[in-house]
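Take a look at the letters that make up each chain.
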Amino acid sequence: MNKFIIAVIYILISNSLFSQSILKKEMKIYQDSISSAKYGMVGLYKTKNGVQKYAIGKSSFSQNMNVDNVFNIGSLTKTFTAVLILQDIESGKIKLNDSISDYFPEELCQNKNVDLKITIEQLLRHRSGLGEVVVDSLFNQAFQNPYFEYNNTFLFNKIPKPTSKSNTEYKYCNTNYILLGYILEIVNDKPYSELIRERIFKPCKMENSFSYYSKNIKNVAHPIYNREDLSESGYYKFYQNYAFSAGGISSNTDDLSRFFSSLYNQKLITKYSFDQMTKFNVEGYGLGLEQYKINNNYYLGHSGDNISFKVRNFYNVKNQNLLILISNQYKDKYIMKVAKQILK
């Protein structure tokens, strides 16, 4: 009996040590390559045995990366926007089958490229057929020029020609979530930034999260591209007004872990809303969430890529393990290598 107890204790300790060391082990493999390229990566891995965090490389040319660094999270912002929409659906302010004409009346919003019969659900599922209004490029004037008109004007009237008829196919498009951000502001009569702070950041205790990216945020990681620091080239208005509700938020791994924990445990929305959120189309997209299949297991999350930031996150519904990886180089080629090894 004593030998059996000792064996069980040994297995439990071994499993605990393994889960607590695997993130560091897999990230260290690429430490030299990432450091020599002058950028960095932060990881958080949460299992039933605890939380491990690790950082490698550089947050700027003069600073080493640390586990508390703040990054722009790019399109992961869309999950936050979808949660706000679902909250307003629960309160009766919005319905999934509402047409956008309810919020953008034709006499005021005269853009012939926009079909006003598009619904809220079609925006959430990227089935609107709308043309892409956000050009994710280092040469985008909205990124480089604080006086550029896209940083200050209503983007509805800038939406280009549609790529397809509404509700005929899935096509990922930032325009959908920018319109959802405008709708949130219209029905709540508040800025998107305030809605995010009051209804997500504050209840989730996300004290290092912002509705925009700025080089002046404390402990912020600089965007590095081809060994060039872009922090002095960009302006916060690009993230606040242009990437906006499709890609503007900045956060760190601890705060994102708190957000995912609240979301996946239905503390931000009801179980019914979460079930709606996780009804995925054949492409693996739901209402602001993506579904991934890796090593024959399914995960929930949402990727994010913006001006030289890359975010990947994976939540295993069966065992509730959560992996978050963030890099300040969107051309990073190691995040998915680390992820696939850990998710084995």
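Refer to the structure printed above.
Residues numbered from 1 in each chain as written. Predicted model: local features only at pLDDT ≥ 70, side-chain atom pairs only at ≥ 80, totals over all residues. Heavy atoms only, no water.

Draft legend 1. Seen up close, the overall build of the protein. Along its length, the protein carries 11 helices and 12 strands. Relative to the globule expectation of 20 Å for 344 residues, the C-alpha radius of gyration of the protein, 21 Å, shows essentially globular dimensions. Structurally, the protein occupies a C-alpha span of about 80 × 45 × 35 Å along its principal axes. Evaluated residue by residue, the protein yields a buried proportion of 55% over its 344 residues. Sequence-distant contacts in the protein: of pairs separated by 6 or more residues, those separated by 24 or more amount to 69%. Accessible area of the protein: about 16,200 Å², with a carbon and sulfur share of 50%. With 42 positive and 30 negative side-chain charges, the protein shows a separation of 9 Å between the mean positions of the two kinds. (Helix = DSSP H or I, 4+ residues; strand = E, 2+ residues; numbered from the N terminus. Rg over C-alpha atoms; globule rule 2.2 N^0.38 Å. Buried < 20%, exposed > 50% of the residue type's maximum accessible area, 1.4 Å probe, protein only. Contact = heavy atoms within 4.5 Å. Areas by Shrake-Rupley, 256 points an atom, 1.4 Å probe, with all protein chains shown as cover. Lys, Arg positive; Asp, Glu negative; His and termini not counted. Charge placed at Lys NZ, Arg CZ, Asp CG, Glu CD.)

Draft legend 2. Expanded view of the pairing of strand S2 (residues 50-60). Burial of S2 is extensive: 8 of the 11 residues sit out of reach of the surface. Two strands pair when backbone bridges link them, and strand S1 (residues 40-47) and S2 are joined in this way by 8 bridges, in the antiparallel orientation. Looking at S2, one finds that Val 42 is bridged to Ala 55. Taken together, S1 and the strand that follows it, S2, pair antiparallel across an intervening segment of 2 residues. Relative to strand S3 (residues 63-64), S2 runs antiparallel, the two being bridged by 2 bridges. Paired with Ser 60 across the two strands is Gln 63, which belongs to S3. (Pairing = 2+ DSSP bridges.)

Draft legend 3. Local environment of the nonpolar core. Core analysis: the biggest nonpolar cluster contains 83 residues, and Phe 80, Phe 104, Ile 200 and Met 277 have the highest contact counts within it. The leading source of residues in this core is helix H6 (residues 174-188), at 7 residues. One finds Ile 56, Ile 224, Leu 325 and Val 338 within the second-largest nonpolar core, a separate group that totals 23 residues. (Core = buried A, V, L, I, M, F, W, Y, C linked by side-chain atoms within 4.5 Å.)

Draft legend 4. Local environment of the pattern of salt bridges. Counted according to the given criterion, the structure contains 13 salt bridges. For Asp 98, the salt bridge is made with Lys 95, and the minimal N-O distance between the two is 3.5 Å. Residue Lys 95 is classed as exposed on the basis of its relative accessible area, which comes to 51%. A salt bridge links Lys 310 to Asp 305; the nearest nitrogen and oxygen atoms lie 3.0 Å apart. Residue Asp 305 is classed as partly exposed on the basis of its relative accessible area, which comes to 26%. Here the salt bridges share partners, and the residues they tie into one network are Lys 190, Glu 194, Arg 197 and Glu 198. (Salt bridge = Lys/Arg side-chain N within 4 Å of Asp/Glu carboxyl O.)

Draft legend 5. Main features of the packing of aromatic side chains. According to the stated counting rule, one finds 28 aromatic pairs in the structure shown. Here Phe 71 and Phe 309 contribute two aromatic rings whose centre-to-centre distance is 6.3 Å and whose plane-to-plane angle is 85 degrees, an arrangement assigned as edge-to-face. Of the two residues, Phe 71 sits in strand S4 (residues 71-72) while Phe 309 sits in strand S11 (residues 309-315), which places them 238 residues apart along the sequence. Pairing Tyr 212 with Tyr 236 gives two aromatic rings, centres 6.1 Å apart and planes at 70 degrees, and the pair type is edge-to-face. With Tyr 212 in the loop between helix H7 (192-201) and strand S5 (224-225) and Tyr 236 in helix H8 (residues 236-247), this pair connects stretches of sequence that are 24 residues apart. Tyr 236 gets classed as partly exposed once you look at its relative accessible area, which sits at 39%. (Phe/Tyr/Trp six-rings, centres within 6.5 Å; stacked < 30°, edge-to-face > 60°.)

Keep in mind these numbers describe shape, not what the thing actually does.
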